[in-house]
Amino acid sequence: MSLVVVGGNERMKRDYIQLAKNRGYKAKVVLNMSSKVKRSIGSPDAIVIFTSTVSHKLMASVETQAKKQDIPIIRNKNNSKFAFEQSLDLVDECTGACRVCKNKNCIMKHQ
């Protein structure tokens, strides 16, 4: 399974990748806005966005791509290891069918 992490701390990039790998995910980390963001996202199983460290333009671009491909988005304000592990727990619980999900406690973006 693949996962895209948007934002976060630059020094923790390796930690994000390693934590995801320990859970069985192949992670790609996007820290800054570039012209290649639309192409570099690809088609992951989920996207984790650390909202406190991401520009509005980057977040809008990622959300647009996710909406087109019906990819679940997990938003987390904090970018710590613990917060990332909580986000991975949510990815594990997610069925990926946001349009038909009946879970009222889900913090994912239901599109």
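Located above this text is the structure these notes cover.
Residues numbered from 1 in each chain as written. Predicted model: local features only at pLDDT ≥ 70, side-chain atom pairs only at ≥ 80, totals over all residues. Heavy atoms only, no water.

1. Digging into the overall build of the chain
Heads up, the condition is: Helix numbering and strand numbering both begin at the N terminus, where a helix is a DSSP run of H or I of at least 4 residues and a strand a DSSP run of E of at least 2. Here a residue-residue contact requires only that any non-hydrogen atoms of the pair lie within 4.5 Å. Using a 1.4 Å probe, accessible areas were evaluated by the Shrake-Rupley method; residue-level cover was limited to the displayed protein chains.
Helix and strand counts for the chain stand at four helices and four strands. Taken from N to C terminus, the helices and strands of the chain fall in the order β-α-β-α-β-α-β-α. Restricting to contacts in the chain with at least 6 residues of sequence separation, those with at least 24 account for 70%. Surface exposure of the chain reaches about 6700 Å², of which carbon and sulfur atoms provide 48%.

2. Side note on the packing of helix α1 (residues 13–22) against helix α4 (residues 81–93)
Put simply, the rule reads: A fitted line through C-alpha atoms represents every axis, and for helices the fit uses only the stretch in contact; the resulting angles, taken between N-to-C directions, go from 0 to 180 degrees. Left-handed describes a crossing in which the near helix is turned anticlockwise from the far one by less than a right angle; the clockwise case is right-handed. Note on residue categories: nonpolar means Ala, Val, Leu, Ile, Met, Phe, Trp, Tyr, Cys or Pro, charged means Asp, Glu, Lys or Arg, and polar means any other residue, Gly included.
It is at 11 Å that the axes of α1 and α4 come closest, and there the two elements cross at 35°. Considering the relative orientation of α1 and α4, their crossing is right-handed. Along its contact with α1, which presents Asp15, Tyr16, Leu19 and Ala20, the element α4 presents Lys81, Phe84, Glu85 and Leu88. Split by residue class, the contact of α1 with α4 holds five nonpolar, no polar and three charged.

3. Some details on the pairing of strand β1 (residues 2–6)
Operational definition: Per-residue accessibility, obtained with a 1.4 Å probe over protein chains only, is compared with the maximum for each type, and a residue is labelled buried under 20%, exposed over 50%, and partly exposed between these values. One requirement defines pairing of two strands: DSSP has to find at least two bridges between them. Crossovers are described as right-handed under a simple rule: with the strands pointing away from the observer, the path leading from the first strand over the helix to the second runs clockwise.
Taken across its five residues, β1 has four buried, putting it largely inside the fold. Bridge analysis of β1 against strand β2 (residues 26–30) gives five bridges, and the strand direction is parallel. Within the sheet, the bridge partner assigned to leucine 3 lies in β2 and is alanine 27. Running through α1, the crossover from β1 to the neighbouring parallel element β2 is right-handed. Both β1 and strand β3 (residues 46–50) contribute to a ladder of four bridges, which runs parallel. Residue pairing in the sheet places valine 6 in a bridge with isoleucine 49 of β3.

4. A look at the side chain of serine 87
Mapped onto the fold, serine 87 is located in helix α4. According to the relative accessible area criterion, serine 87 is buried, its value standing at 1%. Serine 87 has contacts with Val48, Ile74 and Asn76, leaving out every residue within four places of it along the chain.

5. Notes on the nonpolar core
For clarity, the cut-off: What is meant by a nonpolar core is a set of buried Ala, Val, Leu, Ile, Met, Phe, Trp, Tyr and Cys residues, joined one to another through side-chain atoms within 4.5 Å.
Counting residues in each nonpolar core, the largest one holds 17 residues, and the members touching the most others are Leu3, Tyr16 and Phe84. When residues of this core are traced back to their parent elements, those giving at least two are β1, α1, β2, β3 and α4. Listed in part, the 14 residues of the second largest apolar core include Val30, Val54, Leu58 and Val62.

6. With respect to the sheet that holds strand β4 (residues 73–76)
If you walk across this open sheet you meet the four strands as β2-β1-β3-β4, and the pairing is parallel. Each edge of the open sheet is held by one strand with a lone partner, namely β2 and β4. Geometrically, the sheet is characterised by an average inter-axis angle of 20° between neighbouring strands, direction not taken into account.

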